[in-house]
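Coordinate inspection notes
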Amino acid sequence: MLSRVAENLYWLGRYLERAENMARMAHVEYLTSVEGGGGPEQSGSTWDALIAASGARQAYFTAREAEPERAPADFLVLGWDNPNSIRSTLAQARNVARTVRGHVSREVWEELNQLHLYLSRRETLVESDLFDLCGEIKRRIETVFGLYDNTVLFDEGRDWFRCGLYLERADMTTRVLDTKYHLLLPEASEVGGPLDRFQWTAILKSVSAWEAFRKTDIAEISGRRVAGMLLFRPDFPRSILFCTRALLRHYRNATVDTPRAQCVHAEREIVLLEMDLAALTVEEVIAGGLHEFLDGLQTRFGAIDHATTEHIFRALPDGASAVPA
Amino acid sequence: MSDELFAGYELLSGPDEMFEANGSVRPAYRTLGERLRRWDTQEYLLRQSRADLALLNAGITFTVYSDDRGTERIFPFSLIPRIVTAGEWAHIEAGLSQRVRALNLFLRDVYNEQRCISDGVVPADVVFGAPDYNLRMVDFAPPLGVYAHIAGCDLVRDGSGQFVVLEDNLRTPSGVSYVLENRTIMVRVAPDLFPRRGVAPVNDYPGRLLSMLIDVRPEHVDAAEVRAVVLTPGAYNSAYFEHAFLAQQMGIPLVEGSDLVAHNETVYLRSTSGLEPVHVIYRRVDDAFLDPLAFRPDSVLGVAGLMDAYRAGRVSIVNAVGAGVADDKVVYRFVPEIIRYFLDEEPLLPNVPTYAAVLPEERGHILEHLRELVVKPANASGGYGVVIGPQASDDELARLGEAIEADPRNWIAQPLLEFSTIPTFLDDHVAPRRADLRPYILTGRSTWVLPGGLTRVALREGSYVVNSSQGGGSKDTWVLTDDGEDGGVRDAQPGR
């Protein structure tokens, strides 16, 4: 498969998963802020945490200076001035899809294009629309994923798409957890109190894990148990361990024909990560500091991305030795 | 006809595709006319909006601004189709096939023996003065001697009712994807308009295109092992949709210059499993940008070393480098002579009478008749730089005269053709608009003409320019498979 196409399919997976996760987080944040914080107006600080988790803190400060009345949710969901907004992320997904139009089905392309057109028509965001809008975005992205699974060849391209998707999902899960890491600090107040439980429930809901948690764990909701599930449950499709294993599987499928010297770099990173995750317990993680652990994971995800890009997608043929006989 | 839709339809000068001069409907359009009569304006608008939405959703658009929030527009699609009878088509098909055969022989000749020059058929300065005459192609013949593998010839129906060739496009003619998409849309939104006797299908094109690419592979490559690619300048090119569409329909990779490398006179594709040889390149990149080592050194769209691999016979380029010399508008003036010389046949499809300013006697005629003529730059496309004498100001004509004197090789002139009009829906009524027809001709081991082609229509009132870049739209084109006894289309069950 063409290296550029592989890279673009990988990014298509990443952008779509990123947008879907952000829509999910905004969706829950909105509900939680209405219920728990006296209405959307009072919810500035939690939106700030979400914006920071999306990696747009600096852009947000700049935007807010220019326009102090701007709703944070508008910046996060529709902001064209925010390269990480859901709308900007989906515009990038669509641009990438355009360059690999021949590798996704017409159905996938049209669904994604229609989502882009749907968002392009939106003006500024009214907060009361947030619930419906984010729900709609989520539903449409899930439709793209469904169409991808049912109308596109199960070939190398799909494996790269899935690699991007799982790496992004693992990364987003660490970011979601990280927004509440302070609740697990020993000195934090209200640990185990009703507000605490309310926050952890919100986290579970933002990664669609609430029902799964209830099914598998009858105990009281606590930070420890929620973190344990999102990090280590091997059968929950959004846990870090699950994503890492899925990533490894798809990476190996994608690189079956790739010269070992090229594909070994990222594979080594993924294998070592999987080993570490399988050996750790949530108690050990909390003892060492959840925030530091999540930080370390994000660095390792970055290393996997870097190794794949440098050694596979952008690898330059090293002269005559790369030329087949 | 429908009192509502066709009220106020007034024929312009020149023939109309649907109506005779006396206002009666031509036989081929009778069934269509009857069916359209059942539509009122509401019905029409509903169908049109469904068609527009389908095009928008499919992303068949061009970008107005190039940023991420760039407004994208669809190329206007005009719902009332153009109909070509089976009899007319047989003539067009034979004429185009003849023309492209002669042009390929001409190309082979001007890059090799140059007999047509020494025999005085085409003046040497006309050939060598063509900006697309490519010195890197001299003493080289591509596989099967084919240069213009894909040709798009623009036809119009002139005042006498016959089809004439307005220009040839032999470099990278575009628009064929719209032929296929227009048909898809038409079947979707107006299935009730299709005649029972049948319209020639167009979806055969990608398969034919792929067979042709395999035909012209380098000699050393086995047909089963050919790797062909479509080379695009990238996603920001206005024809990118078409490049992606054709690659997908053929099931071959769509590549950019940076995806290819040339090494030891072989071209390779950079893939995740290493480098893989490439044998045929259907390029949608202009000659000048193909190879920074051979042509423009600043090009980032091409592949360094591609020309060496091409000349070594290791890779085929479609269309051939330098094919543009045969669609030069001054060379066009000589195509009837080229057909007679190379094929010893009379041209089946005539040229539009054309004056080349480079010939002193014709230059005089042009300068004296600027007011009546349409003057075109010899080497531009997209309708750019065309001056329509009857519609131009004195100032414009004076400047044009100076430009012709300064660079006669760059100008040709033709009489203003009152070419045919076709009913076209505009906001709330149907009006006649000028239309041309661009059929597509493929040449590998043999020549094949796609039945139909792109009908482009000038949407602005009074306009003779059909190019999409100048506000033109397009229509589905129906080649009838059977004309029936009366030359029209019969329908046993008009109420189906």
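Up top is the structure.
Thresholds applied
- Residues numbered from 1 in each chain as written.
- Chains lettered and ligands numbered in written order.
- Predicted model: local features only at pLDDT ≥ 70, side-chain atom pairs only at ≥ 80, totals over all residues.
- Heavy atoms only, no water.
- Helix = DSSP H or I, 4+ residues; strand = E, 2+ residues; numbered from the N terminus.
- Buried < 20%, exposed > 50% of the residue type's maximum accessible area, 1.4 Å probe, protein only.
- Areas by Shrake-Rupley, 256 points an atom, 1.4 Å probe, with all protein chains shown as cover.
- Rg over C-alpha atoms; globule rule 2.2 N^0.38 Å.
- Lys, Arg positive; Asp, Glu negative; His and termini not counted.
- Charge placed at Lys NZ, Arg CZ, Asp CG, Glu CD.
- Contact = heavy atoms within 4.5 Å.
- Axes fitted to C-alpha atoms, helices over the stretch in contact; angles between N-to-C directions.
- Parallel < 35°, antiparallel > 145°, perpendicular 65-115°, else oblique.
- Nonpolar A, V, L, I, M, F, W, Y, C, P; charged D, E, K, R; others polar.

**So, the overall build of chain A**
Tallying secondary structure elements over chain A gives 15 helices and zero strands in all. Taken over 325 residues, chain A has a buried fraction of 56%. By element, 53% of the accessible surface of chain A is carried by carbon and sulfur atoms, the whole surface being about 13900 Å².

**Examining the overall build of chain B**
If you tally the helices and strands in chain B, you get 13 helices and 22 strands. Rg of the C-alpha trace for chain B: 23 Å, near the compact-globule value of 23 Å for 496 residues, within the 12% margin. Taking the principal axes of the C-alpha coordinates as reference, chain B spans close to 70 × 60 × 50 Å. Expressed as a percentage of the 496 residues in chain B, the buried residues total 59%. Put simply, chain B shows about 19200 Å² of open surface, and 48% of that area lies on carbon and sulfur atoms. In chain B, 47 side chains carry a positive charge and 69 a negative one; their mean positions are 4 Å apart.

**A short note on helix α1 (residues 30-37) of chain B**
Among the residues making up α1(B), those that are buried are Thr31(B), Leu32(B), Gly33(B), Arg35(B) and Leu36(B). Buried residues along α1(B) sit in contact with β3 (77-84) and β22 (472-479) of chain B.

**Comments concerning the environment of Ser49(B)**
Residue and element names in this part refer to chain B. As for its position among the elements, serine 49 is in helix α2 (residues 41-57). A relative accessible area of 39% places serine 49 in the partly exposed class. Each C-alpha atom of the pair serine 49 and valine 189 lies 9.4 Å from the other, and the pair is 140 residues apart in sequence.

**Here we look at the packing of helix α7 (residues 205-215) of chain B against helix α8 (residues 240-250) of chain B**
Residues and elements named next belong to chain B. Running from N to C, α7 and α8 point in directions that differ by 80°, and their axes come no closer than 9 Å. The orientation of α7 relative to α8 falls into the category roughly perpendicular. Residues Tyr205, Pro206, Leu209, Leu210 and Leu213 of α7 touch α8, and the partners they reach there are Leu246, Gln249 and Met250. Among the residues making up the contact of α7 with α8, the classes are represented as seven nonpolar, one polar and no charged.

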